[in-house]
Amino acid sequence: MAATEPERAATRRRRLLWAGVLAVAGLVLLVVGLTVADGTAAWLEVAAAIVLLLVSYGLQYVARRETLYRDDDRP
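Now for a look at the structure at hand. (Residues numbered from 1 in each chain as written. Predicted model: local features only at pLDDT ≥ 70, side-chain atom pairs only at ≥ 80, totals over all residues. Heavy atoms only, no water.)

1. Focus on the overall build of the protein chain
- Tallying secondary structure elements over the protein chain gives 2 helices and 0 strands in all.
- For the protein chain, the proportion of its 75 residues judged to be buried stands at 15%.
- Of the contacts formed within the protein chain by residues at least 6 apart in sequence, a portion of 64% connects residues at least 24 apart.
- For the protein chain, the computed accessible surface area is about 5,900 Å², with 66% contributed by carbon and sulfur atoms. (Helix = DSSP H or I, 4+ residues; strand = E, 2+ residues; numbered from the N terminus. Buried < 20%, exposed > 50% of the residue type's maximum accessible area, 1.4 Å probe, protein only. Contact = heavy atoms within 4.5 Å. Areas by Shrake-Rupley, 256 points an atom, 1.4 Å probe, with all protein chains shown as cover.)

Written out as structure tokens, the structure is:
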């Protein structure tokens, strides 16, 4: 069952929106972890920030890949 073009576009926009939100949250945690937090809290914040940034990158990759490699020639 193939998705229609508007559904694909909506899914892509939603994934890119979530990727942006996760990237901003990751950057905020990274800045707080590197500047304000001390000890274990800083390491946990930096680790969480790195995970959020990697998930954000993954979502962007998937959204762009689906757009780039979709089959327009199929009926």
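Now that the structure has been shown, the text picks up again.
2. Details of the environment of Leu-52
- Note that Leu-52 resides in helix α2 (residues 39–68).
- Separated by 26 residues in the primary sequence, Leu-52 and Gly-26 place their C-alpha atoms 5.2 Å from one another.
- In contact with Leu-52, other than residues within four places in its own chain, are Leu-22, Ala-25, Gly-26 and Leu-29.

3. Some points on the side chain of Ser-56
- If you trace the backbone, Ser-56 turns up in helix α2.
- Within the local environment of Ser-56, its side chain forms a polar contact with the backbone oxygen of Ala-19, the two atoms lying 2.6 Å apart. (Polar contact = N/O pair within 3.5 Å; in protein donor to acceptor, adjacent residues only side chain to side chain.)

4. Quick word on a nonpolar patch on the surface
- A grouping of Val-24, Val-28, Val-32 and Val-36 is seen on the molecular surface, where their side chains present a nonpolar patch of about 330 Å² in accessible area.
- Along the chain, Val-32 falls in helix α1 (residues 5–35). (Patch = residues over 30% accessible without salt bridge, like charges linked within 9 Å, V, L, I, M, F, W, Y side chains within 5 Å. Salt bridge = Lys/Arg side-chain N within 4 Å of Asp/Glu carboxyl O.)

5. Side note on the environment of Val-55
- Position of Val-55 among the secondary structure elements: in helix α2.
- The exposure class of Val-55 is partly exposed, given its relative accessible area of 41%.
- Spatially, the C-alpha atoms of Val-55 and Trp-18 are 9.8 Å apart, while their sequence positions differ by 37 residues.

Coordinates in, geometry out; function isn't part of it.
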